[in-house]
Every structure is written in C-alpha cells, then in structure tokens.
Amino acid sequence: MWNKEKCNLCGDCLVKCLYVNYDREKAIQQIEELMEGKPAEILSECVTCCACNEYCPTGANPFDLINHFQEVYGSLPIPDKVKRFMDAGVEVPSSLERGDDSKPALSLCVMDPFLPKDAIGGQMFDNMTIAKGGDYFCYLGYVHIGMDSPLKANAKRFVDALASIGSKEVVLLHADCHAMISKMPEYGIELPFKAIHIVEYMKEYVQEHRGNVRPLGRKIAYQRPCASRYSTEIEPVLDELFELIGVERVERKYDRESAQCCGGLFSRIYPDRIKPMMEANIRDGIEAGADAMVFLCPLCMGALAKPASDNGLKPIFITQLVRMALGELAFPV
Ligand code: SF4
Ligand code: SF4
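Residues numbered from 1 in each chain as written. Chains lettered and ligands numbered in written order. Predicted model: local features only at pLDDT ≥ 70, side-chain atom pairs only at ≥ 80, totals over all residues. Heavy atoms only, no water.

## Notes on a nonpolar patch on the surface
- On the surface, Phe-85, Phe-114 and Leu-299 cluster together into a nonpolar patch covering about 280 Å² of accessible area.
- Within the element layout of this structure, Phe-114 appears in the loop between strand E2 (105-107) and strand E3 (130-132).
- The exposure class assigned to Phe-114 is partly exposed, which follows from its relative accessible area of 35%. (Patch = residues over 30% accessible without salt bridge, like charges linked within 9 Å, V, L, I, M, F, W, Y side chains within 5 Å. Areas by Shrake-Rupley, 256 points an atom, 1.4 Å probe, with all protein chains shown as cover. Salt bridge = Lys/Arg side-chain N within 4 Å of Asp/Glu carboxyl O. Helix = DSSP H or I, 4+ residues; strand = E, 2+ residues; numbered from the N terminus. Buried < 20%, exposed > 50% of the residue type's maximum accessible area, 1.4 Å probe, protein only.)

Okay, here's the thing in structure tokens:
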C-alpha cells in the first residue's frame with residue numbers, strides 16, 4: 001500500500017530504477033506528479049519489477065502508487081492475449097491430493113504446468129497434501145499487467161481457498177503466493193493457518209536432515225524474482241539454505257537489491273529495451289563464475305532457461321537444486 005505520509009521526496013526509488021535513466025530532479029518530479037494523480041511518464045516506462053518498493057528507504061511503497069495509476073490510466077500496452085492468460089489463471093483445473101495430515105500442505109498455485117517435471121518429489125515432499133490449480137491462484141501476477149485492483153478484490157478468496165485445505169501450515173511454492181500473503185495485513189485479512197515460504201520449508205528440512213546432504217560445491221547465479229521484493233525477510237534464509245547445501249551464490253551486479261526482472265513479459269512488449277538487459281543478466285552470471293542459474297519462480301525460469309543454457313549456464317529450479325544436494329537428482333553437466 002502506498003504510504004504518502006512516509007514519502008520525503010528523496011527520489012531514490014526512481015534514481016535506482018534499472019529501467020529508466022532519471023536524474024534525481026526528474027525522479028522527484030515523477031513522484032510529485034503521481035502524488036497529484038497525474039499520468040506521469042514513469043507509468044508507461046515502468047516494467048513492474050516491484051524493486052522500487054525495496055529501494056525506498058522509508059517504506060512508502062512507490063511501486064504500489066505507480067501500479068495503481070497504471071491501472072487508472074491504462075498505461076501499459078499489454079496485449080489482449082496476455083490479459084486473457086491472466087484472467088484464465090482462476091480457470092486452471094484444480095486438484096487436492098490428500099497426504100499425511102501431520103505434514104504441512106503444499107500449494108503449487110497455477111505453476112504446475114510451468115515446473116520442471118522433477119521439481120516436486122523425493123523426501124522433502126513425500127506424502128504431503130498437494131493443492132494446485134485455479135482454486136488456489138494468488139492473483140499477484142496482475143501487477144505485471146498494470147493492475148492492482150484484482151489483488152484486493154480476490155485476497156479473501158485466495159486465503160479462504162488455502163484455509164479450505166484444512167492444514168495448520170501451508171507451504172507456498174510460488175514466490176507470488178507468499179508476496180500476496182504479505183499483503184493481507186493491508187487488506188485487513190487474518191490467516192487461519194501458517195503460511196510458509198518454500199525457501200523456509202526447504203531450509204528447515206535440510207537443517208533437520210543434515211545427514212542426507214551431500215554438499216554440491218557449485219557456484220550459482222541466482223535469479224531473484226520480482227515477488228521477492230515483498231518477502232525480503234526470506235533473503236537471509238535463502239543464503240542459509242545455499243550454505244547448508246554447499247552452494248555459493250556468486251556476487252554479481254544483478255542480484256539482491258539490484259536484481260533484474262526476468263523480462264519474460266516485457267521482452268515481448270519492449271524488446272529493444274529489455275532483451276539487451278536479459279542478455280546482460282546472463283552475461284553477469286557467467287562473468288561471476290557461476291556454473292548454473294537458479295530460479296525461485298517457474299515463470300522466470302521459462303523466460304531465461306534457454307538463453308542461460310545457450311550460454312553455458314545450466315538452468316535449475318530451486319527445489320531441483322536442493323534435491324540434487326539430497327542425492328536425488330544429478331547436477332547437470
Ligand atoms: S517497479 Fe521497477 S521498473 Fe517500475 S519504477 Fe519501480 S523499479 Fe522501475
Ligand atoms: S517513495 Fe520512497 S524513495 Fe521514492 S521519493 Fe518517496 S521516500 Fe523517496
């Protein structure tokens with residue numbers, strides 16, 4: 001939620017934005033225009049990476065302001081087929097496979113078709129209740145088509161669907177789902193279950209089963225998804241997980257606060273702007289000495305797996321990586 005009273009008009013948010021080249025004066029002017037409800041230039045320049053919410057030092061959440069007016073003014077040239085794809089999320093056939101009630105349940109949101117086939121399996125997920133499909137769709141993806149109203153409108157529906165699984169704890173595979181859960185206080189919705197980020201779940205599992213771990217001794221470039229901007233408390237947990245499985249997250253330009261959006265959607269809308277950035281992202285990982293590119297979001301993996309692989313960076317989904325350290329899958333060569 002945009003917190004107008006927290007904004008001191010410092011301009012940091014749009015000075016740091018990787019997708020525009022604003023000086024401080026222009027950045028401040030853009031925020032001022034938005035605060036006056038004007039259709040500022042940033043509305044159409046912004047690729048909805050959500051990063052400025054994290055760049056803002058005061059917690060004012062400038063992306064939420066931008067996203068709100070992107071919807072008001074219809075600022076993004078989103079193709080109709082992409083809008084239809086988003087609207088179809090809720091129609092994806094759903095299923096609830098019952099497992100051991102003493103274990104947390106796992107929600108895949110609508111990500112099942114986008115996951116590598118061996119992403120879910122093995123000891124970490126053995127006999128868990130698994131919910132998937134449109135009934136469990138989290139709606140966060142709408143921010144990427146320049147709309148914020150579907151999130152609030154469907155927040156209760158999302159929480160009720162997860163609650164209907166009947167588990168005290170629900171592990172959220174998709175970073176978007178955890179991001180959506182982080183917005184519930186602003187919508188005044190209380191959770192009747194404990195929501196667990198997939199990274200938290202795997203870190204706990206690996207910690208409790210250290211004897212099963214074979215440290216991988218690999219260097220990886222991490223592709224931090226946009227949704228992680230809402231769940232910044234997960235970053236140290238992820239670092240712990242990497243350490244536990246013997247993986248070095250290489251220091252590189254486009255990680256952590258300076259991570260790039262995967263470019264999956266906007267490389268189709270603004271190819272001249274975004275494709276060179278995607279190439280720079282891959283190059284950055286290679287130059288930092290990584291063997292592989294590791295993804296937390298299946299859609300980021302869909303966007304970057306081929307260019308990463310074509311350039312010698314093996315694409316690996318995060319659950320696959322942990323399964324490799326548990327000796328269940330081979331590290332790709
Ligand atoms: S969401 Fe990303 S692209 Fe949009 S203004 Fe903020 S930092 Fe820039
Ligand atoms: S939203 Fe945050 S970063 Fe942007 S101008 Fe206001 S205080 Fe500064």
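## Some words on the side chain of Asn-154
- Along the chain, Asn-154 turns up in helix H7 (residues 149-163).
- Polar side-chain contacts of Asn-154 include one of 2.8 Å to the backbone oxygen of Pro-150. (Polar contact = N/O pair within 3.5 Å; in protein donor to acceptor, adjacent residues only side chain to side chain.)

## Quick word on the sheet that holds strand E8 (residues 292-295)
- One open sheet accounts for four strands, arranged E7-E6-E8-E9; its pairing is parallel. Two strands lie at the open edges of the sheet, namely strand E7 (247-249) and strand E9 (314-317), each paired on one side alone. This sheet shows a mean twist of 40 degrees between the axes of neighbouring strands, independent of strand direction.
- Against the sheet, helix H11 (residues 235-244) makes contact with strand E6 (218-223) and E7, and its axis sits at roughly 145 degrees relative to E7, the strand it touches most. (Pairing = 2+ DSSP bridges. Axes fitted to C-alpha atoms, helices over the stretch in contact; angles between N-to-C directions. Contact = heavy atoms within 4.5 Å.)

## Digging into the domain arrangement of the protein chain
- Here the domain parsing of the protein chain yields domain 1 (4-73), domain 2 (83-202) and domain 3 (213-325).
- Domain 1 and domain 3 are separated by 26 Å when their C-alpha centres are compared.
- Counting residues at the interface gives 16 residues for domain 1 and 16 residues for domain 3.
- A combined buried area of about 1,300 Å² lies between domain 1 and domain 3, and 55% of that area is made up of carbon and sulfur atoms.
- Of all residues in domain 1, Leu-18, Tyr-19 and Glu-54 bury the most surface against domain 3, accounting for 43% of the area lost on that side.
- Our count for the contact surface shared by domain 1 and domain 3 stands at four salt bridges.
- Glu-54 is the salt-bridge partner of Arg-229, the closest N and O atoms lying 2.8 Å from each other.
- Those elements giving two or more residues to the side of domain 1 that touches domain 3 turn out to be helix H3 (42-45), helix H4 (51-55) and helix H5 (62-73). (Domains from an automatic or database assignment. Buried area = accessible area lost by both parts, 1.4 Å probe.)

## Thoughts on the site of ligand 1
- For ligand 1, the set of nearby residues contains 13 residues, the closest of which are Cys-17, Cys-46, Cys-49, Cys-50 and Cys-52.
- Counting only elements with at least two residues in the shell around ligand 1, the list comes to H4 and H5.
- Residue classes in the shell around ligand 1 are distributed as 12 nonpolar, one polar and no charged. (Near = heavy atom within 4 Å. Nonpolar A, V, L, I, M, F, W, Y, C, P; charged D, E, K, R; others polar.)

## With respect to the sheet that holds strand E4 (residues 169-172)
- The strand order across the open sheet formed by five strands is E1-E3-E2-E4-E5, and the pairing between neighbours is mixed. Single-partner strands in this sheet number two, and they are strand E1 (95-97) and strand E5 (194-197). Shown here is a sheet whose adjacent strand axes are inclined to one another by a mean of 20 degrees, direction ignored.
- Taken together, the three bridges between E1 and E3 define a ladder with antiparallel strand orientation. The residue bridging Glu-97 from the neighbouring strand is Ile-130, located in E3.
- Against the sheet, helix H10 (residues 198-208) contacts E2, E4 and E5, and its axis sits at roughly 80 degrees relative to E5.

## A closer look at the pattern of salt bridges
- Inspection of the entire model under this criterion finds 23 salt bridges.
- Of the charged contacts in the structure, one is a salt bridge between Glu-240 and Lys-203, with a shortest N-O distance of 3.5 Å. With a gap of 37 residues between them, Glu-240 in helix H11 and Lys-203 in helix H10 connect regions that are remote in the sequence.
- By relative accessible area, which is 34% here, Glu-240 ends up partly exposed.

## Here's the deal with the site of ligand 2
- Taken together, 13 residues sit near ligand 2, with Cys-7, Cys-10, Gly-11, Cys-13 and Cys-56 positioned nearest.
- Per-class residue counts for the shell around ligand 2 are nine nonpolar, three polar and one charged.

## Side note on the packing of aromatic side chains
- In this structure the tally under the stated criterion is seven aromatic pairs.
- Plain terms: the ring middles of Phe-85 and Phe-114 are 6.3 Å apart, the flat faces sit at 80 degrees to each other, and that makes the pair edge-to-face. One end of the pair, Phe-85, is in helix H6 (residues 80-87); the other, Phe-114, is in the loop between E2 and E3, and 29 residues separate them in sequence.
- Through a chain of ring-to-ring contacts, the aromatic side chains of Phe-137, Tyr-139 and Tyr-142 assemble into a single cluster.
- Taking NZ or CZ as reference, Arg-273 lies 4.9 Å from the ring centre of Tyr-270, over its face. (Phe/Tyr/Trp six-rings, centres within 6.5 Å; stacked < 30°, edge-to-face > 60°. Lys NZ or Arg CZ within 6 Å of the ring centre and 35° of its normal.)

## A word on the packing of helix H13 (residues 271-287) against helix H14 (residues 298-310)
- In contact at an axis separation of 10 Å, H13 and H14 are set at 60 degrees when each is read in the N-to-C sense. The orientation of H13 relative to H14 falls into the category oblique. Classified by chirality, the crossing of H14 by H13 is right-handed. On H14, the residues that touch Met-278, Asn-281 and Ile-282 of H13 are Ala-303, Leu-304, Pro-307 and Ala-308.
- Split by residue class, the contact of H13 with H14 holds six nonpolar, one polar and no charged. (Parallel < 35°, antiparallel > 145°, perpendicular 65-115°, else oblique. Left-handed = near helix turned anticlockwise from the far one by under 90°.)

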